[in-house]
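Each chain, letter by letter, is given below.
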Amino acid sequence: MKAFTQHKGLAAPMDRANVDTDLIIPKQFLKSIKRTGFGPNLFDELRYLDEGQPGQDNSARPLNPEFPLNFPRYNGASVLLARDNFGCGSSREHAPWALDDYGFRAVIAPSFADIFYNNCFKNGLLPIALDEQVVDQLFEEMYAQEGYELTIDLEKQQVIKPNGETIDFEVDEFRKHCLLNGLDDIGLTLEDADAIRAYEARRREQAPWLFDSVK
Amino acid sequence: MAGQTLYDKLWQDHLVKSREDGTALIYIDRHLIHEVTSPQAFEGLRLAGRKPWRRDSLVATPDHNVPSETAERAAGVAGIRDEISRIQVQTLDENCKSFDVVQFGINEPGQGIVHVIGPETGATMPGMTVVCGDSHTSTHGALGALAHGIGTSEVEHVMATQCLIQKKMKNMLVRVDGELGPGVTAKDVVLAIIGKIGTAGGTGYAIEFGGSAIRGLSMEGRMTICNMAIEAGARAGMVAVDQVTLDYVKDKPYAPKGSQWDAAVENWSRLHSDDDAVFDAVVELRAEEIEPQVSWGTSPEMVAPVSALVPDPAKEADAGKRTGVERALEYMGLDAGQKITDIKLDRVFIGSCTNSRIEDLRAAAAVAKGRRKADSVKQVLVVPGSQSVKAQAEKEGLHSVFIDAGFEWREPSCSMCLAMNADKLGAGEHCASTSNRNFEGRQGYGGRTHLVSPGMAAAAAIAGNFVDVREMADAGESA
Ligand code: SF4
């Protein structure tokens with residue numbers, strides 16, 4: 001997995017609450033059997049004026065001029081500012097894949113849906129939950145100032161504003177460790193293979209029917 | 001010390017190791033697989049040279065991309081017209097073969113929506129931990145299991161290690177006491193719950209559904225409720241094991257038999273929250289107060305009783321919510337203050353892992369019997385959740401009731417729940433749907449979804465607009 005240590009990048013808005021993963025990446029693109037290539041279809045229904053199809057040449061499609069990510073000023077953005085309950089709905093990991101593929105490295109919101117939040121960490125994308133007032137403030141400053149860049153320091157657990165002001169954020173120890181070092185958590189879990197086998201042996205005694213095979 | 005909740009017990013039973021950083025390794029008993037969220041996980045295993053830790057814990061079936069239309073379906077995988085869908089289903093086939101995973105293939109008797117076939121085959125059982133790369137895995141919690149949806153990286157992790165890295169969630173009890181009125185179903189209960197606590201109300205919690213109204217539900221009804229726990233933000237929903245559970249599980253093909261059954265029943269008898277268990281949050285509803293529900297917006301919390309009016313955003317005090325309501329009404333093409341019963345339908349969808357079990361089809365058929373769909377309704381799809389539901393419905397003659405009413409009787413699949421196969425709404429079309437998500441574009445680009453129970457969907461198909469199913473004679477015997 002891609003490591004995340006420090007990142008400085010342009011902030012862009014996704015200014016609505018309850019953005020669901022259907023909106024982040026619509027279902028027709030879930031037919032892909034790959035992990036990459038979802039970026040051009042991130043927020044597809046908001047970003048373009050027509051209905052997108054997998055395998056299409058997206059550069060020929062009509063862009064929605066009212067959608068902020070299409071504004072020249074947000075070109076090259078890598079930090080997404082969002083609202084409450086971002087990433088709700090379906091468990092599709094295609095949502096963080098699409099955000100990552102587009103170029104986002106971090107998402108800042110007052111709250112995230114559980115599965116989405118979890119999925120981000122597996123893909124080197126950092127979700128940062130901050131107080132609602134703090135997020136409001138960031139939105140205001142971003143709207144007011146073109147080229148508004150945020151620096152994110154995972155080691156220090158801080159978001160640093162253009163004026164140098166810092167905002168602390170919380171992140172789970174284990175997730176932070178994995179993300180900082182780009183660790184594959186399967187490898188880590190397999191270090192506990194003996195504990196898993198011991199559990200299985202114990203459990204097989206108590207509840208042997210759980211180990212019967214199907215079909 | 002306070003007693004344990006059902007969730008505490010299931011967690012404890014599956015704890016392999018607590019780590020110092022507050023996470024834990026939780027052992028997974030059953031891992032369900034479908035074609036959409038698994039290809040990248042199998043690919044990951046292959047690239048790392050890994051094998052599934054316990055291949056007999058895996059059960060796969062294709063459901064999202066498979067055609068519901070009988071003629072297209074008859075030719076099997078090779079007959080799927082949409083090439084990209086076909087490749088995805090073929091990839092599942094190939095992965096199951098090369099990793100020696102049990103699969104109920106496209107037209108085999110066990111095939112169906114993963115969350116329908118798990119319980120009905122006994123592949124998912126009380127006391128299990130169940131995962132699937134699908135957020136509606138919470139469905140299986142109805143059996144008294146700890147079941148939740150995971151992402152594709154976690155699918156790979158569970159395949160490789162049989163464990164999930166988890167932090168313990170908080171406990172929430174949603175208690176519904178009293179007796180449901182006739183014609184009011186599990187779907188109405190869960191929509192009313194989501195309307196009350198909101199789509200993020202359960203974030204960070206495992207929800208146990210309890211109270212006399214929940215205990216009074218059949219297993220199918222309990223599955224409908226747990227299915228939508230995720231729509232309230234909770235990864236897991238569950239119901240305690242009782243006699244209804246045991247009667248349901250007994251004699252399922254993969255349920256334990258003979259002395260194993262007795263041992264299992266004894267083991268499962270503790271799968272309920274202790275009387276002195278402490279919950280971090282408790283939400284209470286009265287069953288008598290719940291009416292048939294209809295969602296009017298673009299989030300499952302945007303729901304109202306059928307007798308109500310579409311809300312007026314101007315009356316919403318919170319600015320954020322006000323814009324949310326305004327945007328939803330615009331997308332849905334509805335006016336503030338209009339009657340829900342004045343909403344006209346273009347299509348009706350009866351199906352999905354929320355409401356495609358035999359009891360759901362019986363409820364819809366009870367309404368449709370001897371009636372015809374309204375001419376203004378272009379299409380009414382009835383899509384059974386599994387091959388076995390389909391066979392049972394045909395045995396009972398339900399399919400004839402539907403066909404006589406002008407409905408279309410289709411093949412088991414997710415179908416118009418998310419429109420990955422050919423079944424879709426056109427832009428601007430209103431649909432009465434028994435599925436679980438009314439997000440923008442969920443059932444087709446620009447489509448407008450209204451979530452309802454199977455009886456309400458059938459009633460809307462007949463009338464052409466929403467009606468209170470209780471006002472239609474013969475409705476309501478099957479709750
Ligand atoms: S029926 Fe709908 S919600 Fe259920 S698994 Fe299929 S697509 Fe997902």
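Residues numbered from 1 in each chain as written. Chains lettered and ligands numbered in written order. Predicted model: local features only at pLDDT ≥ 70, side-chain atom pairs only at ≥ 80, totals over all residues. Heavy atoms only, no water.

1. Concerning the overall build of chain B
Reasoning step 1: Within chain B one finds 16 helices and 19 strands.
Reasoning step 2: Taken against the 2.2 N^0.38 rule, which gives 23 Å for 479 residues, the C-alpha radius of gyration of chain B at 21 Å falls within 12% of a compact globule.
Reasoning step 3: For the C-alpha atoms alone, the extent of chain B along its principal axes is close to 55 × 55 × 45 Å.
Reasoning step 4: Carbon and sulfur atoms form 49% of the exposed surface of chain B, whose accessible area is close to 15400 Å².
Reasoning step 5: In chain B, 49 side chains carry a positive charge and 64 a negative one; their mean positions are 2 Å apart. (Helix = DSSP H or I, 4+ residues; strand = E, 2+ residues; numbered from the N terminus. Rg over C-alpha atoms; globule rule 2.2 N^0.38 Å. Areas by Shrake-Rupley, 256 points an atom, 1.4 Å probe, with all protein chains shown as cover. Lys, Arg positive; Asp, Glu negative; His and termini not counted. Charge placed at Lys NZ, Arg CZ, Asp CG, Glu CD.)

2. Here we look at the layout of surface pockets
Reasoning step 1: The volume enclosed by the largest pocket comes to roughly 1500 Å³.
Reasoning step 2: Lining the largest pocket are 50 residues; nearest its centre among them are Y117, N118, F121, K122 and R175 of chain A.
Reasoning step 3: When residues of the lining of the largest pocket are traced back to their parent elements, those giving at least two are α3 (94–102), α4 (114–121), α6 (173–181) and α7 (185–190) of chain A together with α2 (39–48), α6 (152–161) and β8 (163–166) of chain B.
Reasoning step 4: Top element by residues in the lining of the largest pocket is α2 of chain B. It accounts for five residues.
Reasoning step 5: Class assignment for the residues of the lining of the largest pocket results in 18 nonpolar, 12 polar and 20 charged. (1 Å grid on protein atoms, 1.4 Å probe; cavity = no way out; pocket = protein on both sides within 12 Å on 5 of 7 lines; lining within 4 Å. Points joined across faces, edges and corners; volume = space filled by probe spheres on them. Nonpolar A, V, L, I, M, F, W, Y, C, P; charged D, E, K, R; others polar.)

3. Observations regarding the packing of aromatic side chains
Reasoning step 1: Enumeration according to the criterion identifies 18 aromatic pairs over all chains in this entry.
Reasoning step 2: Taking 6.1 Å as the distance between ring centres and 25° as the angle between the ring planes, the aromatic pair formed by F71 of chain A and Y74 of chain A counts as stacked.
Reasoning step 3: Under the relative-accessibility criterion, F71 of chain A is labelled partly exposed at 29%.
Reasoning step 4: By relative accessible area, which is 3% here, Y74 of chain A ends up buried.
Reasoning step 5: Measuring from ring centre to ring centre gives 5.9 Å for F402 of chain B and F407 of chain B, while their planes differ by 15°; the resulting arrangement is stacked.
Reasoning step 6: The class of F402 of chain B is buried, set by a relative accessible area of 0%.
Reasoning step 7: Judged by its relative accessible area of 4%, F407 of chain B is buried.
Reasoning step 8: Lying across the ring of Y48 of chain A, R61 of chain A places its NZ or CZ 3.8 Å from the centre. (Phe/Tyr/Trp six-rings, centres within 6.5 Å; stacked < 30°, edge-to-face > 60°. Buried < 20%, exposed > 50% of the residue type's maximum accessible area, 1.4 Å probe, protein only. Lys NZ or Arg CZ within 6 Å of the ring centre and 35° of its normal.)

4. Some thoughts on α6 of chain B
Reasoning step 1: Counting buried residues in α6 of chain B gives 10 out of 10 residues, a clear majority hidden from the surface.
Reasoning step 2: Once α6 of chain B finishes, Q162 of chain B follows within two positions and takes phi at roughly 65°, a positive value.

5. Looking at the sheet that holds strand β17 (residues 408–409) of chain B
Reasoning step 1: If you walk across this open sheet you meet the five strands as β17-β16-β15-β18-β19 (chain B), and the pairing is parallel. Since the sheet does not close on itself, it has two edges, and those belong to β17 and β19 (448–451) of chain B, each with one partner. (Pairing = 2+ DSSP bridges.)

6. Digging into the site of the ligand
Residues and elements named next belong to chain B.
Reasoning step 1: Residues in contact with the ligand, as listed here, are H64, I113, H115, D134, H136, S352, C353, C414, C417, L418, N436 and R442.
Reasoning step 2: Structurally, the ligand is housed in the largest cavity.
Reasoning step 3: Grouping the constituent residues of the shell around the ligand by class yields five nonpolar, five polar and two charged. (Near = heavy atom within 4 Å. Sits in = over half its atoms within 2 Å of the grid points.)

7. Remarks on empty space enclosed by the protein
Reasoning step 1: Evaluated as defined, the whole model comprises six cavities of 30 Å³ or more.
Reasoning step 2: In this structure, the largest cavity spans a volume of roughly 220 Å³.
Reasoning step 3: Around the largest cavity sit 22 residues that line it, and H64, D134, H136, L418 and R442 of chain B are the ones nearest its centre.
Reasoning step 4: In terms of residue class, the lining of the largest cavity is built from seven nonpolar, 10 polar and five charged.
Reasoning step 5: Put simply, the second largest cavity is a space of about 130 Å³.
Reasoning step 6: If you trace the second largest cavity, you find 16 residues lining it, with C88, G89 and A113 of chain A together with I230 and G233 of chain B closest to the centre.
Reasoning step 7: Taken together, the residues of the lining of the second largest cavity break down into seven nonpolar, seven polar and two charged.

8. As for the pattern of salt bridges
All names here are of chain A.
Reasoning step 1: Evaluated as defined, the whole model comprises 42 salt bridges over all chains.
Reasoning step 2: Close ionic contact of D185 with K122 constitutes a salt bridge, the shortest N to O distance being 2.9 Å. With a gap of 63 residues between them, D185 in helix α7 and K122 in the loop between α4 and β4 (126–129) connect regions that are remote in the sequence.
Reasoning step 3: The exposure class assigned to K122 is buried, which follows from its relative accessible area of 18%.
Reasoning step 4: Of the charged contacts, one joins D153 and K156 as a salt bridge, the two residues approaching to 3.8 Å between their closest N and O atoms. (Salt bridge = Lys/Arg side-chain N within 4 Å of Asp/Glu carboxyl O.)

9. Thoughts on the interface of chain A and chain B
Reasoning step 1: In this assembly, 62 residues from chain A lie in contact with 80 residues from chain B.
Reasoning step 2: Among the residues chain A hides against chain B, the three largest losses belong to K31, W209 and V214 of chain A. Together they make up 14% of the total.
Reasoning step 3: Between chain A and chain B we count seven salt bridges in total.
Reasoning step 4: For the salt bridge of D82 of chain B with K31 of chain A, the shortest nitrogen-to-oxygen distance reads 2.6 Å.
Reasoning step 5: At the junction of chain A with chain B, the criterion picks out 33 residue pairs in polar contact (both at pLDDT 80 or more). (Contact = heavy atoms within 4.5 Å. Buried area = accessible area lost by both parts, 1.4 Å probe. Polar contact = N/O pair within 3.5 Å; in protein donor to acceptor, adjacent residues only side chain to side chain.)

10. So, the domain arrangement of chain B
All names here are of chain B.
Reasoning step 1: For chain B, the domain assignment lists domain 1 (1–291) and domain 2 (293–471).
Reasoning step 2: Taken residue by residue, the interface counts 49 residues in domain 1 and 45 residues in domain 2.
Reasoning step 3: Carbon and sulfur atoms make up 54% of the area that domain 1 and domain 2 hide from each other, which totals about 3500 Å².
Reasoning step 4: Along the contact surface separating domain 1 from domain 2 lie two salt bridges.
Reasoning step 5: Between E231 and R437 there is a salt bridge, and its shortest N-O distance comes to 2.6 Å.
Reasoning step 6: Joining domain 1 to domain 2, the criterion identifies 28 residue pairs in polar contact (both at pLDDT 80 or more).
Reasoning step 7: Listed by contribution, the elements that provide at least two residues to the side of domain 1 that touches domain 2 are α3 (70–74), α4 (83–98), α5 (114–121), α7 (186–197) and α9 (219–227).
Reasoning step 8: A per-element tally of the side of domain 1 that touches domain 2 places α7 first, with six residues.
Reasoning step 9: When the residues that make up the side of domain 1 that touches domain 2 are grouped by side-chain class, the tally is 17 nonpolar, 22 polar and 10 charged. (Domains from an automatic or database assignment.)

11. Re the nonpolar core
Reasoning step 1: With 111 residues, the main nonpolar core has F43, F86, L99, I108 and L126 of chain A together with F402 and F407 of chain B as its most contacted residues.
Reasoning step 2: Of all the elements, helix α16 (residues 454–463) of chain B adds the most residues to this core, at seven residues.
Reasoning step 3: Apart from residues lying up to four places away in sequence, F402 of chain B is in contact with L361, A364, A365, A368, V382, F407 and W409 of chain B.
Reasoning step 4: Grouped together as the second largest cluster of nonpolar side chains are 104 residues, M172, I207, I214 and A232 of chain B included. (Core = buried A, V, L, I, M, F, W, Y, C linked by side-chain atoms within 4.5 Å.)

12. Quick look at the domain arrangement of chain A
Reasoning step 1: If you check the domain split of chain A, you get domain 1 (6–183) and domain 2 (184–215).
Reasoning step 2: Between the C-alpha centres of domain 1 of chain A and domain 2 of chain A there is a distance of 36 Å.

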